[in-house]
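Here's the letter readout for the chains.
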Amino acid sequence: MGSGELELPPGDEGHEGNSAEVPPGTVSLARPMQTGAIGPELDWDADAWREVRTRAQRAGRAYIWLNLVEQRLRAVVAAVLRPVYEPVHGDDWVVAAAGPAGQEWVQRAAAVREVSRRKGYLLDPADDNVISFLTLPQLRELMVQHWPCFEPYFDDRRDVELALDELEVTRNVVSRNRALSEAVLGQAERASARLLEMLGAGGDVPSARRLPVDAVEDLVGDRYADVVAVHSDRVRLLRQFPAEDIFGQARRLDAIGIGLNLLVQNFSGRRLVRLAEAGARIRLLFLNPASSAVKRRERELGMKRGELSRAVEMNILHMRRVRARLRDPGAFEIQVYDDTPRFAAYLVDGDGADGIAVVQSYLRRARGMEAPVLVLRGGNRVVTSEGVEDAGLFSTYKEEFELAWADSRPVS
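Comments concerning the overall build of the protein
Thinking step 1. Along its length, the protein carries 15 helices and 12 strands.
Thinking step 2. The 412 residues of the protein split such that 38% are buried.
Thinking step 3. Here the analysis covers contacts within the protein between residues at least 6 apart in sequence; of these, 71% occur between residues at least 24 apart.
Thinking step 4. Counting every atom, the protein has about 24100 Å² of accessible surface; 50% of that belongs to carbon and sulfur.

A look at the packing of helix α4 (residues 136-145) against helix α6 (residues 157-175)
Thinking step 1. Running from N to C, α4 and α6 cross one another at 165 degrees; their axes reach a closest spacing of 11 Å. With respect to each other, α4 and α6 are oriented roughly antiparallel. Considering the relative orientation of α4 and α6, their crossing is left-handed. Across from Leu136, Pro137, Arg140, Met143 and Val144 in α4, the residues of α6 making contact are Arg157, Val160, Glu161, Leu164, Asp165, Leu167, Glu168 and Arg171.

A word on the sheet that holds strand β6 (residues 332-337)
Thinking step 1. With respect to topology, eight strands assemble into an open sheet ordered β3-β9-β8-β7-β4-β5-β6-β12, the strand pairing being mixed. The sheet is open, and its two edges are formed by β3 (227-231) and β12 (409-410), each paired on a single side.
Thinking step 2. With five bridges connecting them, strand β8 (residues 356-361) and strand β9 (residues 373-377) associate as antiparallel partners. Each bridged residue has a counterpart across the sheet, and for Gln360 the counterpart in β9 is Val373.

Some details on the pairing of β8
Thinking step 1. For β8, the buried fraction is high: five of the six residues fall into the buried class.
Thinking step 2. Two strands pair when backbone bridges link them, and strand β7 (residues 343-348) and β8 are joined in this way by six bridges, in the antiparallel orientation. The partner of Val348 across the bridge, within β8, is Ile356.

Considering the pattern of salt bridges
Thinking step 1. As enumerated under the stated definition, the model contains 28 salt bridges in all.
Thinking step 2. Measuring nitrogen to oxygen at the nearest pair gives 2.9 Å for the salt bridge that ties Glu300 to Arg297. Residue Glu300 and its partner Arg297 are located together in helix α13 (residues 292-301), separated by three residues, close to a single helical turn.
Thinking step 3. As a salt-bridge pair, Arg409 and Asp338 come within 2.6 Å of each other at their nearest N and O atoms. A residue pair is termed long-range when its members are at least 10 positions apart, and Arg409 in strand β12 and Asp338 in the loop between β6 and β7 qualify at 71 residues.
Thinking step 4. In the salt-bridge network here, residues are joined through shared partners; they are Arg113, Glu114, Arg117 and Asp128.

What about unusual backbone geometry?
Thinking step 1. Although it is not a glycine, Leu260 sits at a positive phi angle of roughly 55 degrees.
Thinking step 2. Mapping Leu260 onto the fold places it in the loop between β4 (252-256) and α11 (261-264).

Some remarks on the packing of helix α1 (residues 46-89) against α4
Thinking step 1. At a minimum axis separation of 10 Å, α1 and α4 run at an interaxial angle of 30 degrees. Between α1 and α4, the angle falls in the class roughly parallel. As for the relative orientation of α1 and α4, their crossing is left-handed in sense. Packed against α1, whose contacting residues are Leu66, Val69, Glu70, Leu73, Arg74, Val77 and Leu81, the element α4 presents Leu136, Leu139, Arg140, Leu142 and Met143 at the interface.
Thinking step 2. Of the residues assigned to the contact of α1 with α4, the class counts are nine nonpolar, no polar and three charged.

Side note on the packing of aromatic side chains
Thinking step 1. In the structure shown here, the tally under the stated rule is six aromatic pairs.
Thinking step 2. An angle of 65 degrees between the planes, with centres 5.7 Å apart, marks the rings of Phe247 and Phe267 as edge-to-face. Here Phe247 is found in helix α10 (residues 243-247), whereas its partner Phe267 is found in the loop between α11 and α12 (269-277), with 20 residues between them in sequence. Here the two residues Phe247 and Phe267 agree in accessibility, since each one is buried.
Thinking step 3. A cation over a ring is seen here: Arg283 above Trp405, with NZ or CZ 5.2 Å from the ring centre.

Section: the nonpolar core
Where a protein is soluble and globular, its nonpolar side chains tend to be buried together.
Thinking step 1. Of all hydrophobic cores here, the largest spans 59 residues; its most connected members are Phe247, Leu284, Phe286, Met319, Phe332 and Tyr346.
Thinking step 2. Sort the elements by how many residues they give to this core and β7 lands first, with six residues.
Thinking step 3. When sequence neighbours within four positions are dropped, the list of residues in contact with Tyr346 reads Phe247, Asp254, Ala255, Leu260, Asn261, Leu262, Leu263, Ile356, Ala357 and Val358.
Thinking step 4. Ranked by size, the runner-up nonpolar core spans 41 residues in total, among them Trp147, Val160, Leu185 and Ala188.

Description of the side chain of Glu161
Thinking step 1. Along the polypeptide, Glu161 turns up in helix α6.
Thinking step 2. Residue Glu161 is classed as buried on the basis of its relative accessible area of 15%.
Thinking step 3. A distance of 2.9 Å separates the side chain of Glu161 from the side chain of Arg157, its partner in a polar contact.
Thinking step 4. Dropping the residues within four chain positions of it, Glu161 is found in contact with Arg140 and Val144.

Regarding the confidence of the model for the protein
When pLDDT drops low, the exact placement of atoms in the prediction is not to be read closely.
Thinking step 1. With 81% of its residues at a pLDDT of at least 70, the protein reaches an overall mean of 84.
Thinking step 2. Within the model, pLDDT remains below 50 along residues 1-9, and this stretch shows 13 contacts once partners closer than five positions in the same chain are excluded.
Thinking step 3. Scored below 50 in pLDDT, residues 382-388 makes 13 contacts in the model with residues more than four places away or belonging to other chains.

Looking at helix α15 (residues 394-406)
Thinking step 1. Taking 1.5 Å as the rise per residue, α15 with 13 residues should run 18 Å; its terminal C-alpha atoms sit 19 Å apart, in good agreement.
Thinking step 2. Listing the buried residues of α15 in full gives Phe394, Tyr397, Phe401, Ala404 and Trp405. The buried residues of α15 occupy one face: seen down the axis, they fall within an arc of 100 degrees. In α15, the exposed residues that point more than 90 degrees away from the buried face are Glu399 and Ala406.

Thresholds, definitions, all that
All residue numbers refer to positions counted from 1 along the written sequence of the respective chain. With the structure being a predicted model, the display of local features is reserved for residues of pLDDT at least 70 and the display and counting of side-chain atom pairs for 80 or more, all residues being used for whole-chain, interface and lining totals. Just so you know, side-chain values use all the structure's heavy atoms and leave hydrogens and water out. Segments assigned H or I by DSSP are reported as helices when at least four residues long, segments assigned E as strands when at least two residues long, and all are numbered from the N terminus. Here the term buried applies to any residue with accessible area under 20% of the maximum for its type, exposed to any over 50%, and partly exposed to those in between, with areas from a 1.4 Å probe on protein chains only. Contact between two residues is taken to exist if any of their heavy atoms lie within 4.5 Å; hydrogens are not considered. Note on areas: Shrake-Rupley, 1.4 Å probe, and residue coverage restricted to the protein chains presented here. Axes here refer to lines fitted to C-alpha atoms; in helices the fit is confined to the stretch in contact. Angles between the N-to-C directions go from 0 to 180 degrees. An angle below 35 degrees is read as roughly parallel, one above 145 as roughly antiparallel, one from 65 to 115 as roughly perpendicular, and any other as oblique. Crossing handedness is defined as follows: a turn of the near helix away from the far one that is anticlockwise and smaller than a right angle gives a left-handed crossing, while the clockwise case is right-handed. Whether two strands pair depends on DSSP finding at least two bridges between them. Salt bridges, as used here, are contacts in which a Lys or Arg side-chain nitrogen is within 4 Å of a carboxyl oxygen on Asp or Glu. All residues other than Ala, Val, Leu, Ile, Met, Phe, Trp, Tyr, Cys, Pro, Asp, Glu, Lys and Arg, Gly among them, are scored as polar; the first ten of these are nonpolar and the last four charged. Aromatic pairs are defined between Phe, Tyr and Trp rings, using the six-membered ring for Trp, whenever the two ring centres lie within 6.5 Å; interplanar angles under 30 degrees are classed as stacked, those over 60 as edge-to-face, and all others as tilted. Definition used: whenever NZ (Lys) or CZ (Arg) falls within 6 Å of the ring centre and also within 35 degrees of the ring normal, the charge is taken to sit over that ring. Buried residues of nine kinds, namely Ala, Val, Leu, Ile, Met, Phe, Trp, Tyr and Cys, make up a nonpolar core once their side-chain atoms join them within 4.5 Å. Any N or O atom pair separated by 3.5 Å or less is treated as a polar contact, with the protein-specific requirement of one donor-capable and one acceptor-capable atom, and with residues adjacent in sequence counted only for side-chain atom pairs. Confidence scores labelled pLDDT are given residue by residue by the predictor and lie between 0 and 100. Expected helix span is computed as 1.5 Å times (number of residues minus one). Each C-beta atom gives one direction from the helix axis, and the arc is the one those directions make.

Written as C-alpha cells, this is what we have:
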C-alpha cells in the first residue's frame, strides 16, 4: 500500500517477492483503490453549479449579440468594398482591400479557410470566402481604412467606433470562456443594439421603442408565443419596466382588474391628464366595489370586511378627479363590472402593431403585488422556427377586455 490509498498492481502469481524477470527500468502504475465516481474533492456543490450556469447564460446571451453584430458588419463591409475592389482583383478583393497593413491577418484568414475546406468545416457554401473568416476587429479595421466609402451611410464615425470599443471586452471574455459580469453584459447588449441600429438592422418590431427586442427573444421567440418577459411579482416588474415606460407614450390604454393599482398608484394623475389631452383614449374597468365578488375576494385574501371595497372605491374616485380635469371627458372612460375577477390586464396601444400588455392572474392567497406578471408584445407578431406567423396571447386578453367592457356599467 502506498501513500494516498493507492495500491500497486500485483506481480505474476508464479513468482514470489520482486520478480527478477521484470525488465529493468519498468515502472508499476498505481491505481485508485475505488473506481467509479469522481472523488469528493472534485465534486461541484450547488453554489459551483449555480456559478457555472450563470456564466453560461451570460456568455450565451453575449455570444448571440456578438454573432448578430459580426454577421451584419461583415455584410455591410462586403456590400461597400466588393464593388470597389472585385472588378480589378477578382476573388482576392479582400486581400487588396486590406492593403500592406493588413496582409498578415488576411493571409492568416485565407489559411484558416483552406484548412476548413480540407477538414470539411465549411458547411455552407456562402461561407467559402475570406471575409467570412475575418474577426470583428479586422472587419472594423477594413471599415476604418476605407471610411470615405462608408461615410455616406453613417452619421458619425465616432459613434460606430465607440460602440465597437464597448464590445471588445465582451468579445475577449466570451472567446476565452471567462466570467462575464452583469454590468459588462448589459453594456454589450446596449452597444450591440445601438450598433445594429446604425448598421441598418434595427429590426421591424414597432413596439421596440417602448419594449426593446431582446436578441434571445428574437431567435427563440417561438418557444414563448408573444410572452417577452415573466416576473415573479409586480415589484420586479417595475424594477425592470417602470410605469413611465409602460404608459408614458400611450395612444390608447385599456385596463381591467380589481383596483388597477399598477396604474393608479404608480403613474401620476397629472401624466394621465397630459396623455388624454395629447389625444390618448383611456378606458378603465374596475371591479364594482359594492359587488359580492369583492366580498369573496376579501375572504380569499383574509382581509377585513370592507377593506378591499374601500381601496377600490378610493382608486375610482381618484380616476374620476383626473377625468374631471379634462376638456374632453369622453377620452377618459371609467366603468365597473360585477363578474368574478379572473385577471388584471393593461393593454397599451392594443389597436396597433406596436402594442404591449402587462397581465396578472388572480391567485387565491396572493395579492396583486405578489402575483406573477407576464409582459406580452402585441401586433400578432409571433414568428416560429419554421417562419410561420401566429397569433399570441395578446389578442386573447384584448378580446376578454372587450367582452367585459360590453357587459360593464359606466361610472358617472
